[in-house]
Amino acid sequence: MWKKFNANEIVGVEIKGDSFAPPTRWWNHFFLALWGWTTVAVFQVIRPIHTLNGYRIGYKPFKGPARVMSKALKDDPMFRMKIGHEDCIFFAIDLNGEEVPIELVKRTHNKDPEYKGIPLY
């Protein structure tokens, strides 16, 4: 579940949109999020995972408020995010709301066997 988040001071990592994906509109967002976005960005938390009590991932879309996942990740130092047509900024925060640095590992597709075991959001 994603909830609104005030991300004014978040830097994150900007990812260029997928020009092959259809443009995101209010009426097709749900469909695209489930089946239409096949390009993904693989990220890794730079801070050692054992120093975190957990972290939440989030995104700042091209239009509208930033969102953060309500569920915290605890044991996964890597995660995958689906990429839509538009540019987007992805980020991670600790449980106190402070930004956790992340880095882009690879831009790939959702069926890439090398990253199949990494959580996809």
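Up top you'll find the structure we're talking about.
The paragraphs below set out a description of the structure included in this document. Just so we're clear, the structure is a prediction, and the values are computed from it rather than from any experiment. (Residues numbered from 1 in each chain as written. Predicted model: local features only at pLDDT ≥ 70, side-chain atom pairs only at ≥ 80, totals over all residues. Heavy atoms only, no water.)

**Quick word on the packing of aromatic side chains**
Consideration 1: Tallied over the entire structure, the rule returns 6 aromatic pairs.
Consideration 2: Aromatic pair F31 and W35: ring centres 5.7 Å apart, planes at 45°, arrangement tilted. Of this pair, F31 and W35 both sit in helix α1 (residues 29–36), 4 residues apart, roughly one helical turn.
Consideration 3: By relative accessible area, which is 59% here, W35 ends up exposed.
Consideration 4: Taken together, the ring pairs connect F43, Y55, F79 and F90 into an aromatic cluster. (Phe/Tyr/Trp six-rings, centres within 6.5 Å; stacked < 30°, edge-to-face > 60°. Helix = DSSP H or I, 4+ residues; strand = E, 2+ residues; numbered from the N terminus. Buried < 20%, exposed > 50% of the residue type's maximum accessible area, 1.4 Å probe, protein only.)

**Observations regarding the layout of surface pockets**
Consideration 1: Here the largest pocket defines a volume of roughly 800 Å³.
Consideration 2: Forming the boundary of the largest pocket are 28 residues, of which T24, H29, A33, W37 and Y59 lie nearest the centre.
Consideration 3: Mapped onto the lining of the largest pocket, the elements with two or more residues apiece are α1, β6 (78–82) and β7 (88–94).
Consideration 4: Examining the composition of the lining of the largest pocket, we find that 4 residues originate from one element, α1, more than from any other.
Consideration 5: Its residues placed into classes, the lining of the largest pocket shows 17 nonpolar, 5 polar and 6 charged. (1 Å grid on protein atoms, 1.4 Å probe; cavity = no way out; pocket = protein on both sides within 12 Å on 5 of 7 lines; lining within 4 Å. Points joined across faces, edges and corners; volume = space filled by probe spheres on them. Nonpolar A, V, L, I, M, F, W, Y, C, P; charged D, E, K, R; others polar.)

**Some thoughts on a nonpolar patch on the surface**
Consideration 1: There is a patch of nonpolar side chains on the surface, built from F30, F31, L34 and W35 and spanning about 510 Å² of accessible area.
Consideration 2: Residue position: F30 is located in helix α1. (Patch = residues over 30% accessible without salt bridge, like charges linked within 9 Å, V, L, I, M, F, W, Y side chains within 5 Å. Areas by Shrake-Rupley, 256 points an atom, 1.4 Å probe, with all protein chains shown as cover. Salt bridge = Lys/Arg side-chain N within 4 Å of Asp/Glu carboxyl O.)

**Considering the nonpolar core**
Consideration 1: Among the nonpolar cores identified, the biggest contains 19 residues, and F43, Y55 and F79 are the most heavily contacted of them.
Consideration 2: Secondary structure elements with two or more residues in this core: β2 (13–15), β3 (39–45), β4 (55–60), β6 and β7.
Consideration 3: I10, V68, F91 and I93 belong to the second-largest nonpolar core, a separate cluster that totals 6 residues. (Core = buried A, V, L, I, M, F, W, Y, C linked by side-chain atoms within 4.5 Å.)

**Comments concerning the pairing of β4**
Consideration 1: Two strands pair when backbone bridges link them, and β4 and β7 are joined in this way by 6 bridges, in the antiparallel orientation. Each residue of the ladder has a partner; that of R56, found in β7, is I93.
Consideration 2: Hairpin connection from β4 to strand β5 (residues 66–69): 5 residues lie between these consecutive antiparallel strands, with G64 at a positive phi of about 100°. (Pairing = 2+ DSSP bridges.)

**Observations regarding the sheet that holds β6**
Consideration 1: Overall, antiparallel pairing links the 3 strands, which are arranged β6-β3-β9 in an open sheet. Both outer strands of the open sheet, β6 and β9 (102–109), are each paired with one neighbouring strand and no more. Sheet twist, expressed as the average angle between the axes of neighbouring strands with direction ignored, equals 25°.
Consideration 2: Inspection of the sheet shows β3 paired to β6 by 5 bridges, in the antiparallel sense. When the sheet's bridge partners are listed, A41 is paired in β6 with M81. (Axes fitted to C-alpha atoms, helices over the stretch in contact; angles between N-to-C directions.)

**A look at the pattern of salt bridges**
Consideration 1: Scanning the entire structure with this criterion turns up 3 salt bridges.
Consideration 2: Among the ionic pairs, K106 bridges to D112, the shortest N-O distance being 3.5 Å.
Consideration 3: Since its relative accessible area comes to 8%, D112 is described here as buried.
Consideration 4: Measuring nitrogen to oxygen at the nearest pair gives 3.8 Å for the salt bridge that ties E114 to K106.
Consideration 5: What makes K106 partly exposed here is its relative accessible area of 32%.
Consideration 6: If you follow the salt bridges from partner to partner, you end up with K106, D112 and E114 in one network.

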